[in-house]
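Remarks on the overall topology
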Number of protein chains: 2
Amino acid sequence: MKARRRTFLRFGCSLTAGATGSLLPFLGNAQSTQSQFAPLPTGDGGLRPRVVMDGLLSPWSIAFLPNGEALVTERPGTLKRLQLGGVGADQQGRGKGSGQGSGQIKIQNVPRVHASGQGGLLDVIVSPDFERDELIFMSLAQPTDGGARTAIFRARLRGAELQQVEMIFAQKDDPKGQLHFGSRLVIDPDGFLFATLGERFFERSKAQSLENHFGKIIRIRTDGSIPKNNPFANQSGALREVWSFGHRNPQGAALHPRTGDLWVHEHGPQGGDELNLIREGRNYGWPQITYGREYVTGFKIGEGTSRADVEQPVHYWVPSIAPSGMTFVTSERYSALRGHLLVGSLKERCLALLEMKENQVVGEQRILSSMKSRIRDVRQGPDGYLYALTDSDEGVMVRLEPAPRNREAG
Amino acid sequence: MKARRRTFLRFGCSLTAGATGSLLPFLGNAQSTQSQFAPLPTGDGGLRPRVVMDGLLSPWSIAFLPNGEALVTERPGTLKRLQLGGVGADQQGRGKGSGQGSGQIKIQNVPRVHASGQGGLLDVIVSPDFERDELIFMSLAQPTDGGARTAIFRARLRGAELQQVEMIFAQKDDPKGQLHFGSRLVIDPDGFLFATLGERFFERSKAQSLENHFGKIIRIRTDGSIPKNNPFANQSGALREVWSFGHRNPQGAALHPRTGDLWVHEHGPQGGDELNLIREGRNYGWPQITYGREYVTGFKIGEGTSRADVEQPVHYWVPSIAPSGMTFVTSERYSALRGHLLVGSLKERCLALLEMKENQVVGEQRILSSMKSRIRDVRQGPDGYLYALTDSDEGVMVRLEPAPRNREAG
């Protein structure tokens, strides 16, 4: 097993820098020391959030079509196609009030969802080959006779309609309950589809068994077939989709832009949220190995915080930030953020900005705190801008525009 | 089904009465309106706590021997026999510092316990016929190969030793984990032994099934045999010990001094602690019918707060007080409290005093708040005094002496 260093650095929740200080002090050793942007006094890390769509009911996931339109899921079961407002068009109306509202098209033929608690319509992604195949993929909590399960659907998106809607995966078991469905979807350059699956809270002990889909990351093909070279494909009793196990409730996933590795974060209980680099066939420990503690009682969970056969997180949070959504920043629009990782936080109502150095997290800042919003998703769009969703029944999608230099007094 | 009225009255946590006010204003209609005790300015409800034993490690339960000695369980697995200090002997040293410390005898041959989290050595009671049979009964979390289960033991107490130690009941299943073992024991005048069993948290859905011992109150004989007239004794698939079901984590039980009915309270989740009058064969609802909500998320649990086939609580608490231990006050030493019910509170660090009128709770006060202690048990001793245990690794046993009248200025 390859050892990895773990970092656990704590900073204040807001970025604070003097008027002449660099935007991100911790980037002193990186290429991007000389920020082109001045710090915002609001602690938004050089980002100016501009509402590009409002009127969203518990939005959960953003995806972009090649034409620049966005797809957004709403947890109660709606998929919307959005025409977004322009960039910086209205200098008077920056922030909420500019560009939002218009251009929402509700997509027809979305599968039925178990819209209860944390369940509902969850992730949406667009096929890397959308211009040819018109495919999108959705994860959702699916109602069954017995309870609910996380399922993955594929469909062709034509205008305002889904066609050829097809379930390509469903969890084997379907307990009652409304907690810990996961789920995020990622397609890698080889065309494999990864999905993160929660352990449904009351089934947590099963996250260590390969005989079920609780607390697993799976790898399938986009038609639902299972690759023969999956790590447990030939192991008796194991489910062949399983790629890694011992997860709790993973709600953020992204490919590393340089290495192509899959990075996933997951919610811990009271403390113990984790950022993990996912390796084939590995055990990520829950609920035996964790930095978290039981809710309310604060009791220790499992055996401890490390074990030889269990992967250590790259980074973890105590107390919890309740992470949701994440993206590596590659866009040249954000020279200070580029190469680093943004993670949405529901609980802390900010973005966690993780300074990456190779495969390590060497620093953490909390930015976008001035929005005071629970962040459900954060993505980089094909236009090079960062976008985020707020978790609310009056949710909005914001574009995180780089703040112009020397405008803080304006 | 007999309808019962539910009360839900909220008061402040401390009893406050003017200098000339009655001790318990809500008792205006009761016999005991004219209190013989003046109110304490500390909000202790006319009770002066005096430490009669300190140095207790997470004490859980008090029982009294006919000779006035007390038995106390310590959750890590120790049973102690205590010679208590005298009453009001040292007027200078009232409160902590008086009478405590000496006279602790550790009892030998206590069964092995799963001393983890909420598990360990739990309740202890003394046979009603102790002078003849020398029997005591203990409930505990018992370690097994697979995990742990709540078990009940009977033994003869001779001096500092248990003899003929015998397991008379064990839960059928033994999941891993350290939460919600229950348990309190009560022997009724007919010699039946009732035990309250928790649903082990992660097994909560099983509290509605009669095929297991999770979230049940059972009735057995003191030799472990099962009465043939138990409500489900002839029902196929049901466990014959079951007396009532749909409980969560009941940690207080007492017989009503006049009616002989069994009263039990149980911990709810986030809100929804319940006080129940236990009727043979009835469903108490968990986790389908509850006034509680999920931890952290605040989501609704189950179907709602009432259903025709489910018993309503006599009283419930939102937010939770985390009740532990309880006793009906019958002693003439406490004229204002007599006929009412005292419930220990871990979370609120006080006693909840419930004003009873027939089988209804018509008022609630919080008393003993000045101790600022998590209360694990409260009992009335054969000497007519009330006693309580504090939940701490430096726990104490206190005698709640009636405060002398007109002493508040002294």
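Since this is a predicted model, take the numbers as computed values, not measurements.

Notes on the overall build of chain A
Of the regular secondary structure elements, chain A holds one helix and 24 strands. Looking at chain A as a whole, 61% of its 410 residues qualify as buried. Within chain A, contacts between residues separated by at least 24 positions form 61% of all contacts whose residues are at least 6 apart in sequence.

Considering the side chain of T73 of chain B
Residues and elements named next belong to chain B. Tracing the chain through its elements places T73 in strand β3 (residues 70-74). By relative accessible area, T73 is classed as buried at 0%. Reaching out from T73, the side chain makes a polar contact with the backbone oxygen of L122 at a distance of 2.7 Å. Apart from residues lying up to four places away in sequence, T73 is in contact with S58, P59, W60, S61, T78, L79, L121, L122, D123 and V124.

Observations regarding the pattern of salt bridges
Per the counting criterion, the structure on display carries 44 salt bridges over all chains. Residue E364 of chain A is joined to R366 of chain A by a salt bridge in which the shortest nitrogen-to-oxygen separation is 2.7 Å. The class of E364 of chain A is buried, set by a relative accessible area of 2%. Measuring nitrogen to oxygen at the nearest pair gives 2.8 Å for the salt bridge that ties R50 of chain B to E401 of chain B. Remark: E401 of chain B occurs in strand β24 (residues 395-402) and R50 of chain B occurs in strand β1 (residues 47-56); sequence separation between them is 351 residues. According to the relative accessible area criterion, R50 of chain B is buried, its value standing at 2%. Classification of E401 of chain B by relative accessible area gives buried; the value is 6%. A single network of salt bridges, built from pairs that share partners, joins D123, R184, D377 and R379 of chain A.

Focus on the sheet that holds strand β13 (residues 242-245) of chain A
Residues and elements named next belong to chain A. Read across the open sheet, the four strands follow the order β10-β11-β12-β13; overall the sheet is antiparallel. Where the open sheet ends on each side, the last strands, each with one partner, are β10 (185-187) and β13. Taking each pair of neighbouring strands and ignoring which way they run, the sheet shows an average axis angle of 20 degrees. In terms of strand pairing, strand β11 (residues 192-197) meets strand β12 (residues 216-221) through six bridges, oriented antiparallel. Paired with L197 across the two strands is K216, which belongs to β12.

Describing the pairing of strand β14 (residues 249-255) of chain B
Residue and element names in this part refer to chain B. Among the seven residues of β14, six are classified as buried, and the element is accordingly described as predominantly covered. Here six bridges tie β14 to strand β15 (residues 262-267), and the two strands are oriented antiparallel to one another. If you follow L255 over to β15, its bridge partner there is L262. Hairpin connection between β14 and β15: a loop of six residues separates the two successive antiparallel strands, and G260 in this loop has a positive phi of roughly 75 degrees.

Digging into the sheet that holds strand β18 (residues 323-328) of chain B
All names here are of chain B. Pairing in this open sheet of four strands is antiparallel, and the strands run β18-β19-β20-β21 from one edge to the other. For this open sheet the edge positions go to β18 and β21 (360-367), each flanked by a neighbour on one side alone. Direction aside, neighbouring strands of the sheet carry axes that sit 25 degrees apart on average. Bridge count for strand β20 (residues 350-357) against β21 is seven bridges, and the pairing is antiparallel. Among the inter-strand pairings, M356 is bridged to a residue of β21, identified as V361.

Concerning the relation of the copies chain A and chain B
For the pair chain A and chain B, the relating rotation is 180 degrees, the translation along its axis is 0.0 Å, and the fit reaches an RMSD of 0.0 Å. Given the turn and translation reported, the copies of this chain are related as if by a two-fold rotation axis. For chain A, the residue whose C-alpha comes nearest the rotation axis is F202 of chain A, separated from it by 2.5 Å. When you check the interface residues of chain A against chain B, 100% turn up at the interface there too, and the contact is symmetric in its surfaces.

Let's talk about the environment of Q142 of chain A
All names here are of chain A. Positionally, Q142 belongs in strand β7 (residues 135-143). Sequence spacing of Q142 and L121 is 21 residues, and the spatial spacing of their C-alpha atoms is 8.6 Å. Apart from residues lying up to four places away in sequence, Q142 is in contact with H114, G147, A148, R149, A151, F153, M167 and A170.

Rules used throughout
- Residues numbered from 1 in each chain as written.
- Chains lettered and ligands numbered in written order.
- Predicted model: local features only at pLDDT ≥ 70, side-chain atom pairs only at ≥ 80, totals over all residues.
- Heavy atoms only, no water.
- Helix = DSSP H or I, 4+ residues; strand = E, 2+ residues; numbered from the N terminus.
- Buried < 20%, exposed > 50% of the residue type's maximum accessible area, 1.4 Å probe, protein only.
- Contact = heavy atoms within 4.5 Å.
- Polar contact = N/O pair within 3.5 Å; in protein donor to acceptor, adjacent residues only side chain to side chain.
- Salt bridge = Lys/Arg side-chain N within 4 Å of Asp/Glu carboxyl O.
- Pairing = 2+ DSSP bridges.
- Axes fitted to C-alpha atoms, helices over the stretch in contact; angles between N-to-C directions.
- Least-squares fit on C-alpha atoms with pLDDT ≥ 70 in both.

In short, shape yes, function no, at least from these values alone.
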